[in-house]
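Survey of secondary and tertiary structure
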Amino acid sequence: MPIFWECDRCTACCRWPGQVSLTPPEISRIAAHLNLPEPEFIARFTRLNSTRTGLALIDQSDGSCIFLDGSNCRIQPVKPQQCRDFPNLWNFPGFNEVCQARPRELSPDDWRARIRASTGREVAPP
Ligand code: SF4
Ligand code: SF4
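These lines cover the structure that appears in this document, whether it is placed above or below. Here the residue index of a chain counts from 1 through its sequence in written order. To read the labels, note that chains go from A and ligands from 1, taken in the order they are written. Local features in this predicted model are restricted to residues of pLDDT 70 or higher, and side-chain atom pairs are both shown and tallied only at a pLDDT of 80 or more, whereas totals for entire chains, interfaces and linings draw on every residue.

1. Comments concerning the environment of Ile-66
Segments assigned H or I by DSSP are reported as helices when at least four residues long, segments assigned E as strands when at least two residues long, and all are numbered from the N terminus. Relative to the elements of secondary structure, Ile-66 occurs in the loop between β4 (55-57) and β5 (68-69). Note that contacts rest on C-beta atoms placed from the backbone: two residues are in contact if these are within 7 Å. Leaving out residues up to four positions away in the same chain, Ile-66 has contacts with Phe-45, Leu-57, Ile-58, Asp-59 and Gln-60.

2. Observations regarding the sheet that holds strand β3 (residues 46-48)
A pair of strands counts as paired when DSSP detects no fewer than two bridges linking them. Taken in spatial order, the three strands make up an open sheet running β2-β4-β3, and their pairing is antiparallel. Of all the strands in the sheet, the pair left with one neighbour each is β2 (21-22) and β3. Here two bridges tie β2 to β4, and the two strands are oriented antiparallel to one another. Opposite Leu-22, over in β4, you have Leu-55 as the bridge partner.

3. Some words on the nonpolar core
In this structure, Cys-13, Cys-14, Val-20, Leu-22, Ile-30, Phe-41, Phe-45, Leu-55, Leu-57, Cys-65, Phe-67 and Ile-75 together form the largest nonpolar core, which totals twelve residues. When residues of this core are traced back to their parent elements, those giving at least two are α2 (38-45) and β4. Any nonpolar core is a set of buried residues, restricted to Ala, Val, Leu, Ile, Met, Phe, Trp, Tyr and Cys, that join up through C-beta atoms within 7 Å. Partly exposed residues are those whose C-beta has more than 12 but fewer than 20 other C-beta atoms within 10 Å; with 20 or more the residue is buried, with 12 or fewer it is exposed, and the C-beta atoms are placed from the backbone. Core analysis: the next-biggest nonpolar cluster, separate from the first, contains five residues, Phe-4, Ala-101, Trp-111 and Ile-115 among them.

4. Comments concerning the site of ligand 1
Taken together, the residues surrounding ligand 1 are Cys-14, Val-20, Cys-65, Phe-67, Leu-68, Cys-73, Ile-75, Lys-79, Pro-80 and Cys-83. Taken together, the residues that form the shell around ligand 1 break down as nine nonpolar, no polar and one charged. Should the C-beta atom of a residue, placed from the backbone, lie within 6 Å of a molecule or strand, that residue is near it. Charged residues are taken to be Asp, Glu, Lys and Arg, nonpolar residues to be Ala, Val, Leu, Ile, Met, Phe, Trp, Tyr, Cys and Pro, and polar residues to be all remaining types, Gly included.

5. Notes on the site of ligand 2
In the vicinity of ligand 2, the contacting residues are Cys-7, Asp-8, Arg-9, Cys-10, Thr-11, Ala-12, Cys-13, Phe-86, Pro-87, Cys-99, Gln-100 and Ala-101. Considered class by class, the residues forming the shell around ligand 2 number eight nonpolar, two polar and two charged.

6. So, the environment of Ile-58
Structurally, the position occupied by Ile-58 is in the loop between β4 and β5. Taking the number of C-beta atoms within 10 Å as the measure of exposure, Ile-58 has 14 and is therefore partly exposed. For the pair Ile-58 and Phe-4, spaced 54 residues apart in sequence, the C-alpha to C-alpha distance is 29 Å. The contacts of Ile-58, once residues within four sequence positions are left out, are Phe-45, Thr-46, Arg-47 and Ile-66.

7. Describing helix α4 (residues 108-119)
Expected helix span is given by 1.5 Å per residue-to-residue step, counting one fewer step than there are residues. Along its twelve residues, α4 runs 16 Å from first to last C-alpha, staying within 8% of the 16 Å computed at 1.5 Å per residue. Note on α4: the residue one or two positions beyond its end, Gly-120, has a positive phi of about 80°.

8. Some points on unusual backbone geometry
For residues that are not glycine, phi is negative in most cases, and the peptide bond is trans in most cases. Cis geometry marks the peptide bond from Phe-86 to Pro-87, where omega comes out at 0°. Tracing the backbone shows Pro-87 in the loop between α3 (81-85) and β7 (102-105). A positive phi angle, close to 70°, is found at Thr-11, a residue other than glycine. Mapped onto the elements, Thr-11 comes out in the loop between β1 (3-6) and β2. With phi around 55°, Arg-52 is a residue other than glycine that occupies positive phi space.

Next comes the structure, spelled out in structure tokens:
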């Protein structure tokens, strides 16, 4: 039975080092959500990513994501796919030592439905 990692909203993944990459459609969606022209959104909230191949969100002075506000994401309805996909569709060895998501054993159909609801993706169960 596939395991679905149920987010506990601990916000650790919004605070640890790394980068949140942005696709062009994500830039458009987030700028619209914030009622900003895209050039202004890009200038205020993004930087070149580490491979210099695109843009990523900037951090706050403590290293947390620029859109983390307490325990909330200020762009939750339009947050980047990279954020939506963690930890079920990507993670790293030992991730669950810092991520508080709870493992739930689900039927393949339920797993697929939970993935669809949380990431917007259609993915075959592992
Ligand atoms: S965009 Fe939202 S969910 Fe993604 S890292 Fe920033 S605060 Fe967290
Ligand atoms: S670290 Fe894990 S439990 Fe915490 S907000 Fe991110 S996905 Fe959810």
